[in-house]
Amino acid sequence: MRAAARASAPRPASARRAAGDFEKGLWPAVGAEIRWAFTPPRTWLMGVVANVVFAAAWWLVQPLTAGRHHHDWVILVGTYFSSWVLADVTTTNMLGADHYRVLKALSDGVPFWRILLIKNLALIVIVGLPTLAAAMALTLWLETPERLAVTIPTVAVPIVSWLGVGNLISVLHPVSVEPLIRRWRHRRDHRRTGDWLVGLTLPYALYYIADPMGGVEHRVLWSQVPKLVWPVFGRDTKGLVHLAIALGVWLAGSVAAVLWVRKRGFQIR
């Protein structure tokens with residue numbers, strides 16, 4: 001499943017030259033980041049595409065069941081695909097997958113928080129907006145326009161929350177992306193190989209904790225907390241409460257990542 005590990009390594013020279021994109025104005029920098037994602041060998045983007053394919057394939061093996069939420073198919077499908085894509089090394093190792101550019105930008109004095117913000121916004125454009133657009137179209141087709149007030153905030157939850165989780169893990173355990181043949185040649189370097197394997201398997205554990213569909217986070221943050229505010233704001237605010245919690249997860253993860261790098265630095269494994 002962890003498709004990003006099979007992608008080709010980026011070209012060091014061109015990657016370092018492209019590090020200057022982080023110094024542009026915010027939106028030009030985001031545009032440059034998106035263009036870089038589509039620049040061969042498209043290391044990070046190939047992981048995104050592959051996980052969409054894997055999500056669809058796994059759906060055939062284990063079909064989704066809405067259970068008692070039989071009216072929430074749009075939310076269920078949108079959450080399913082966004083979680084599959086973002087609960088992966090495409091998010092939890094987004095800095096390691098682009099380590100040449102990141103290290104060069106940091107050495108040139110670009111603030112780390114700016115690099116995170118640019119990469120997050122690019123990921124939202126590439127993954128988040130298409131997911132939300134599909135959810136909106138399905139809602140208008142299968143349900144009513146009034147349901148958009150519930151569908152859009154709820155589908156946005158895994159997108160926003162996984163960005164925060166990914167930001168933190170990306171600095172705690174960044175692993176360089178290398179061709180498998182190079183990994184094989186260094187297979188006797190147990191520490192290096194172990195770091196790589198941890199980077200590949202860590203998203204599985206994170207998925208159990210942070211998956212808003214059925215993990216611990218679902219039972220606590222997405223179910224119990226909203227029930228506490230329903231008597232005050234009403235059940236119709238459930239989607240907005242979820243989105244507010246997701247924004248809190250993103251902010252906490254991002255701040256923790258910035259503080260970690262400020263104190264410990266950024267080191268690729």
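In the block above lies the structure referred to throughout.
Computed from a predicted structure; not experimentally measured.

Q: Hey, could you run me through the pattern of salt bridges in this one?
A: A pair can form between side chains of opposite charge whenever their charged atoms are brought close. In the structure shown here, the tally under the stated rule is seven salt bridges. The shortest N-O distance in the salt bridge between Asp21 and Lys24 comes to 3.3 Å. Salt-bridge contacts for Asp98 lead to Lys119; the nearest nitrogen and oxygen are separated by 2.9 Å. With a gap of 21 residues between them, Asp98 in the loop between α5 (89-92) and α6 (99-107) and Lys119 in helix α7 (residues 112-142) connect regions that are remote in the sequence. Here Asp98 and Lys119 have matching classes, each one buried. Among the charged side chains, a salt-bridge network with shared partners connects Glu33, Asp98, Arg101 and Lys119.

Q: Explain the packing of α6 against α7 to me, please; I cannot follow it from the model alone.
A: A pair of packed helices is characterised by two quantities: the angle between their axes and the separation of those axes. Running from amino to carboxyl end, α6 crosses α7 at an angle of 145°, the nearest separation of the two axes being 10 Å. Two packed elements cross with a definite hand, and for α6 against α7 that hand is right-handed. In this structure, α6 contributes Arg101, Val102, Ala105 and Leu106 to the contact, and α7 contributes Phe112, Ile115 and Lys119. Class assignment for the residues of the contact of α6 with α7 results in five nonpolar, no polar and two charged.

Q: Before we go on, may I ask you to explain a nonpolar patch on the surface in this structure?
A: Together, Leu251, Val255 and Leu259 line one region of the surface with nonpolar side chains, adding up to about 260 Å² of accessible area. Within the secondary structure, Val255 sits in helix α12 (residues 238-264).

Q: It is not clear to me how the packing of aromatic side chains should be interpreted in this structure. Could you clarify?
A: Geometrically, a pair of aromatic rings is defined through the distance of the ring centres and the angle of the planes. For the coordinates displayed, the defined rule picks out one aromatic pair. A ring pair is formed by Phe112 and Phe266, whose centres lie 6.2 Å apart and whose planes are at 35°; its orientation type is tilted. Residue Phe112 is found in helix α7, and its partner Phe266 is found in the segment after α12; the two are separated by 154 residues along the sequence. For the pair Phe112 and Phe266, one class covers both residues: buried.

Q: So what exactly am I meant to see when it comes to the side chain of Ser254 here?
A: Within the secondary structure, Ser254 sits in helix α12. What makes Ser254 buried here is its relative accessible area of 9%. Polar contacts involving the side chain of Ser254 include one to the main-chain carbonyl oxygen of Trp250, which spans 2.7 Å.

Q: Before we go on, may I ask you to explain the nonpolar core in this structure?
A: Generally speaking, soluble globular proteins have nonpolar side chains that are buried together. If you look at the biggest cluster of nonpolar residues, it comprises 42 residues, and the most contacted ones within it are Trp44, Leu95 and Phe112. The biggest single contributor to this core is α7, with eleven residues. Discounting residues that sit within four places of it in the chain, Trp44 has contacts with Ala37, Thr90, Met94, Leu123 and Ile126.

Q: What should I look at first to understand α6 in this one?
A: Structural remark: α-helix, 3.6 residues per turn; residues separated by three or four positions point the same way. Among all positions in α6, only His99, Tyr100, Arg101, Val102 and Ala105 are buried. Its buried side turned inward, α6 meets α1 (12-18), α2 (26-37) and α7. The first or second residue beyond α6 is Gly109, which carries a positive phi of 95°.

Q: How should the environment of Ile152 be read in this particular structure?
A: Within the fold, Ile152 resides in helix α8 (residues 148-172). Judged by relative accessible area, Ile152 falls into the partly exposed class, the value being 22%. For the pair formed by Ile152 and Ala133, sequence separation is 19 residues and the distance between their alpha carbons is 8.9 Å. The residues touching Ile152, leaving out its near neighbours within four places in the chain, are Leu132 and Met136.

Q: Would you explain the packing of α2 against α7 in this entry?
A: Relative orientation of the contacting elements α2 and α7 amounts to 60°, with a least axis distance of 9 Å. The orientation of α2 with respect to α7, classified from their angle, is oblique. Crossing hand, α2 versus α7: right-handed. Contacts from Leu26, Trp27, Ala29, Val30, Glu33, Ile34 and Ala37 of α2 reach α7 at Arg114, Leu117, Ile118, Lys119, Leu121, Ala122, Val125 and Ile126.

Q: It is not clear to me how α8 should be interpreted in this structure. Could you clarify?
A: For α8, with 25 residues, the first-to-last C-alpha span of 37 Å sits near the 36 Å given by 1.5 Å per residue. Along its length, α8 shows its largest kink, about 30°, at Val157, and proline Pro158 lies within four residues downstream of that point. Taken across its 25 residues, α8 has 19 buried, putting it largely inside the fold.

Q: Would you mind showing me how to read the environment of Pro130 here?
A: Secondary-structure assignment places Pro130 in helix α7. For Pro130, a relative accessible area of 44% translates into the label partly exposed. As a C-alpha pair, Pro130 and Ser82 span 48 residues in sequence and 9.9 Å in three-dimensional space. Leaving out residues up to four positions away in the same chain, Pro130 has contacts with Ile124 and Val125.

Calculation criteria
- Residues numbered from 1 in each chain as written.
- Predicted model: local features only at pLDDT ≥ 70, side-chain atom pairs only at ≥ 80, totals over all residues.
- Heavy atoms only, no water.
- Salt bridge = Lys/Arg side-chain N within 4 Å of Asp/Glu carboxyl O.
- Helix = DSSP H or I, 4+ residues; strand = E, 2+ residues; numbered from the N terminus.
- Buried < 20%, exposed > 50% of the residue type's maximum accessible area, 1.4 Å probe, protein only.
- Axes fitted to C-alpha atoms, helices over the stretch in contact; angles between N-to-C directions.
- Left-handed = near helix turned anticlockwise from the far one by under 90°.
- Contact = heavy atoms within 4.5 Å.
- Nonpolar A, V, L, I, M, F, W, Y, C, P; charged D, E, K, R; others polar.
- Patch = residues over 30% accessible without salt bridge, like charges linked within 9 Å, V, L, I, M, F, W, Y side chains within 5 Å.
- Areas by Shrake-Rupley, 256 points an atom, 1.4 Å probe, with all protein chains shown as cover.
- Phe/Tyr/Trp six-rings, centres within 6.5 Å; stacked < 30°, edge-to-face > 60°.
- Polar contact = N/O pair within 3.5 Å; in protein donor to acceptor, adjacent residues only side chain to side chain.
- Core = buried A, V, L, I, M, F, W, Y, C linked by side-chain atoms within 4.5 Å.
- Parallel < 35°, antiparallel > 145°, perpendicular 65-115°, else oblique.
- Expected span 1.5 Å × (residues − 1).
- Bend = angle between axes of the 7 residues up to and from the residue.

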